[in-house]
Every structure is written in C-alpha cells, then in structure tokens.
Amino acid sequence: MEQQVAVSPAKPASEFIVGEPRQHDLWDTVRAQIDDVAHRLNLDPGIHAILRRPERELTVSVPVKMDDGRIEVFAGYRVQHSSILGPCKGGIRYHPDVDLNEARALAALMTWKCAVVGIPFGGSKGGVQCDPRQMSESEVCRLTRRFTAMILPILGPKRDIPAPDVNTNPQVMAWIADTVSMLEGHSVMEIVTGKPVPLGGSLGRAEATGRGVAIILTEVLNRLGRQPSDTTVAVQGYGNVGSVAASLLDEMGCKIVGISDVSGGLYSPRGLDIADINQHVAHRGYLLKEYQSSDVESISNDELLTSDVDVLIPAALEHQIRADNAAAIRAGVIIEGANGPTTREADDILRDRDIIVVPDILANAGGVVVSYLEWVQNLQRFFWEEADVNLQLERRMIRGFDEVWDYGQEKQVSLRLGAYMLAMHRVATAIGVRGIFP
Ligand code: NAD
C-alpha cells in the first residue's frame, strides 16, 4: 500500500518572514531594542552589526511516523545568536507558533540573559512547529529523536546545550540525551540541562525559574520597603514557571489572588488556596477552569492581567501585555516570568505610568542559572545538595538584580533598558577583547 504523506497543517515558517507578518513580531521588538541600546552605548557600528544577527541558524524538516501510519513533516529550528561568552544555551519549544523569527528573538534574549546574570554562556533557542497536545507520547518521542538527530551537527556540551521550554520537559531532555548518546556511541548526558535527576539533572532545576522569579520579587519588595504579607499577586500561566513562583510566594506570605492557564483564570480577593489548587492540578491535569471553590471566581486571561493587584507575573507566552491593555493594568510591579510578555508599545505605556517592570532577561534567569550549575556538575561528575544549588541560585539572582537596579538608577533608565545596556556592554566588550577571526 502506498504510504500517505501529509504535511503538517501548521503554517510554513517562511510565512512569517516573507508573507504577512504577525501583528507583533518578537524578533522586530528584540532587534529594535538592540538598535536602541547600541545607540545609547555608542557601540562601534561593526559590533552593533554582529549583535543584530544570529551567528548561526539551522532550519530542518522533521518527518515523523504518526501512530496511524501517516508521515507528517514538521518544521524545526535551532538558532545560535552568540557564542562570544561561552557555549550557546537555550530551550527547545514545541508549539504551533514556533517559527524562525521567534527562535531568533528568543536566542538573542538568551544571550542577554546569560550576560546579565554573569554566566559564561552565549544564547540559542529552537523548537518544532507542532501541537504536542494533539500528539501521543510516542509521537512526541519520535519527533524529539528525529529533530535531535537533525540538529546534532551544531549541538554539543561545548557548543550548544538545549534545555526545556514551553511544552518540553525533563522527559524530552532525556530523549534528546539518549538519542545523542546512541549516535555518538557513549553517554553524553551533559548535552542537555533540565534532565531528570537520575540522568544527571540538578536538584532544584525544575523549580529554578519560578524560584528565581520569587527571589526577584522579594528583592523588589525590599527596595520598596514593603512586606510580602501586604502584597497581592496575580500570575498568568500555571506551568513550570508560574506554578512554582505562585507556590513559593504563597509560602513567603504574599497573597496570591489570581492565577490562570490556557483554559482561563481564577480570582479571589481574599487569596487563593494555592496548596488546594496544586492538588487539583496534580490530580486533574493542568486545566484550572475545572477547579471549583466557594469564594473563587472564574475570570478570563484578559481580566487577570488587569485585575486589582500589587504585582503581576506574566508567566505564559509572549506579547500578553500590549498597547490595547497596558493602560488598564493596575499592578504597580510587573515581574516578567515569561520571555517577551510585554510589547514595545506597552513597555512605553508602563514606563510612562511609573510601573516597575523587572524584565524577562533578569526575572526569569533562574532556569539558566541552575542549568549552568547542572552543566558544571555534569562536567565535574560531582553532584551537589539541593540547598547548595538554591544558595548559588539566590546569590546569583540577587547579584544580577542589584547590578541592574543600581545601573538603572545611575543611568536614570528603566530596569529593562538597564539590563539590556549592561548585558550588551558585556558582550560587546568580549567581542572587542576577542577580536574578529581571522
Ligand atoms: P509551561 O508549558 O510549563 O507553562 C505554560 C503555562 O502557560 C501553562 O499553564 C499554559 O496553560 C499557560 N498558557 C499557555 N497559553 C496561554 C494563554 N494564551 N493565556 C494564559 N495562559 C496560557 O511553560 P513554562 O516552562 O512555564 O514557560 C512559561 C514562559 O516562561 C515561557 O515564556 C518560557 O519561555 C518562559 N521561561 C521558561 C523557563 C523554564 O525554565 N521553564 C525559563 C525561562 C523562561
């Protein structure tokens, strides 16, 4: 019987580059930011030109045998923005919106993120345009193994080290590490971070990004002279980042009044019972809309973003805070758990309204900090206690926050601009010192 070949119904990657652009293209936002900061830092035009292009890009077509026997072909990407400060580091995302421009933007953000928290890594990102919620586990496994084999020429523990991102997790990292180990003929667990602990993953890695978000909020409250117990918080996105941040902040005494996931949101002005919600999520899957409790109201994601809170933590996807809702945001502090959750226009509105925004490249750097610690442990073949990992994370997050806060005050710029200026200054200086090969 002839094999039926189906091309994935997802949009071809090129549509976003040569066809009609998405309304808010994150890559445009990131590049505009690079241009602005290069101008402010008075960067050499040649170094500016280097920073506004990714170092290397790989686009692959990933054929996968589906459970019903059909072959589907998915678009996959790995983009390395910069390896100036060290091996490239960045997540792998599985989502229908993954495209080349998104990978470029997120790779550049990884370069700045590593630089701003002083980690010796460059930036990369990748992913596959697919909807894993419509796929079986074995289909996702075959997709992961084929994708890994196709991008392996540019991966390596000293070249480029993937990690989990949206819709990927330690299991996906285990499949990547196993695939590479089989192809290389020896164990290469240090090819990825965010692995399961029995394979050499670091204790504390799964919670690291959310923990970092909570550490940053604590530092902001310290600077503002506020107590966690007087602070109400709303969190958009209840996955790896959002659920851990909400749980730790709840433990620290903050009142978590709103949370949401892709299914919708929950709101209670008296504070949500986070422990009870976590039990629901553990037993019933991620859908928050199915959670019921007497004094909890269902709200939409838009309502969550504009709810009456002191602190808003966007921890879902990019471009959630836009020109059309930024003026309605009531939080005085925004901690960007997600990558790129605020559009450029919205950022201007928030700045004019004196809302403190801790930018993604600093606020969600906890994941890459512990990825770095995992990589160090893997290379040394020596593993640390969780308390040691958390202590190192806390020190690095606080140091990164202090440096950005003080730089912002000194230069009279926002935290976002301060973080970008510091990060780009560090990378540009390294390019200058290394020189241009040959
Ligand atoms: P995840 O897949 O574990 O969780 C994503 C959450 O967002 C889920 O609760 C999902 O239901 C929700 N969501 C999806 N679409 C939504 C929508 N339209 N409205 C509201 N909620 C929606 O992903 P994650 O690992 O928590 O990552 C979240 C964000 O944090 C992403 O921007 C990611 O790039 C960023 N990030 C993650 C890490 C990490 O270590 N996991 C590190 C740095 C940054």
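Structure: see above.
Below you will find a few notes about this structure.

Parameters at a glance
Residues numbered from 1 in each chain as written. Predicted model: local features only at pLDDT ≥ 70, side-chain atom pairs only at ≥ 80, totals over all residues. Heavy atoms only, no water. Near = heavy atom within 4 Å. Polar contact = N/O pair within 3.5 Å; in protein donor to acceptor, adjacent residues only side chain to side chain. Areas by Shrake-Rupley, 256 points an atom, 1.4 Å probe, with all protein chains shown as cover. Helix = DSSP H or I, 4+ residues; strand = E, 2+ residues; numbered from the N terminus. Domains from an automatic or database assignment. Expected span 1.5 Å × (residues − 1). Buried < 20%, exposed > 50% of the residue type's maximum accessible area, 1.4 Å probe, protein only. Contact = heavy atoms within 4.5 Å. Phe/Tyr/Trp six-rings, centres within 6.5 Å; stacked < 30°, edge-to-face > 60°. Salt bridge = Lys/Arg side-chain N within 4 Å of Asp/Glu carboxyl O. Axes fitted to C-alpha atoms, helices over the stretch in contact; angles between N-to-C directions. Parallel < 35°, antiparallel > 145°, perpendicular 65-115°, else oblique. Core = buried A, V, L, I, M, F, W, Y, C linked by side-chain atoms within 4.5 Å. Disulfide = S-S within 2.5 Å.

Let us look at the site of the ligand. The ligand sits among 23 residues. The nearest are Thr 209, Tyr 238, Asn 240, Val 262 and Asn 339. Side-chain polar atom of Thr 209 to an oxygen atom of the ligand: 2.7 Å apart, as the coordinates give it. Interatomic distance of 2.8 Å between a side-chain N/O atom of Asn 339 and an oxygen atom of the ligand. In isolation the ligand exposes 830 Å². Once the protein is present, 85% of that is buried. The set of elements that each furnish at least two residues to the shell around the ligand consists of helix H7 (205–224) and helix H8 (240–252). Here the shell around the ligand spans two domains, since at least three of its residues come from each of domain 1 (13–33 + 53–199) and domain 2 (208–363).

Let's shift gears to H8. If you check H8, its first and last C-alpha atoms are 19 Å apart, about what 13 residues at 1.5 Å a residue would give, namely 18 Å. Among the residues of H8, those classed as buried are Val 241, Gly 242, Ser 243, Val 244, Ala 245, Ala 246, Ser 247, Leu 248 and Leu 249. On its buried face, H8 sits against H7, strand S7 (232–236), strand S8 (255–261), helix H9 (274–284) and strand S11 (311–314). One or two positions beyond H8, positive phi appears at Gly 253, with a value near 110°.

Turning our attention to the environment of Leu 373. Examined against the element boundaries, Leu 373 turns out to sit in helix H13 (residues 366–380). Judged by relative accessible area, Leu 373 falls into the buried class, the value being 1%.

This part takes up the packing of aromatic side chains. Applying the stated criterion across every chain yields a total of four aromatic pairs. Here Tyr 372 and Trp 375 contribute two aromatic rings whose centre-to-centre distance is 6.4 Å and whose plane-to-plane angle is 35°, an arrangement assigned as tilted. One end of the pair is Tyr 372 and the other is Trp 375, both in helix H13 and three residues apart, which spans about a single turn. Like Trp 375, Tyr 372 is buried.

A few words now on the pattern of salt bridges. The final tally for this structure, using the stated rule, is 27 salt bridges. Here Asp 165 and Lys 125 are joined by a salt bridge, their closest N and O atoms 3.2 Å apart. Taken together, the positions of Asp 165 in the loop between strand S6 (160–164) and helix H6 (170–184) and Lys 125 in strand S5 (residues 122–129) put the pair 40 residues apart, joining distant regions of the chain. Note that Arg 351 and Asp 352 form a salt bridge whose closest N and O atoms lie 3.8 Å from each other. On the basis of relative accessibility, which here comes to 43%, the residue Arg 351 falls in the partly exposed class.

This brings us to the packing of helix H4 (residues 100–116) against helix H15 (residues 415–434). One way to put it is that H4 packs onto H15 with a least axis distance of 8 Å and a crossing angle of 90°. Taken together, the axes of H4 and H15 are roughly perpendicular relative to one another. In this structure, H4 contributes Leu 109, Thr 111, Trp 112, Ala 115 and Val 116 to the contact, and H15 contributes Ala 419, Tyr 420, Ala 423, Met 424, Arg 426 and Val 427.

Moving on, we come to the nonpolar core. In this structure, Leu 51, Trp 112, Val 233, Ile 259, Ile 313 and Ile 335 are the most contacted members of the largest nonpolar core, which totals 89 residues. Element by element, the count of residues in this core is highest for H15, at 12 residues. Counting contributing residues per domain, this core is built from domain 1 (13–33 + 53–199) and domain 2 (208–363), each supplying no fewer than three.

Time to look at the state of the cysteines. Under the counting rule described, the total for this entry stands at zero disulfides. Its sulfur unpaired, Cys 88 is 9.2 Å from the next cysteine sulfur, which belongs to Cys 114. Residue class for Cys 88 comes out buried when judged on its relative accessible area of 1%. The cysteine Cys 141 is free of any disulfide, with Cys 130 supplying the nearest cysteine sulfur at 13 Å.

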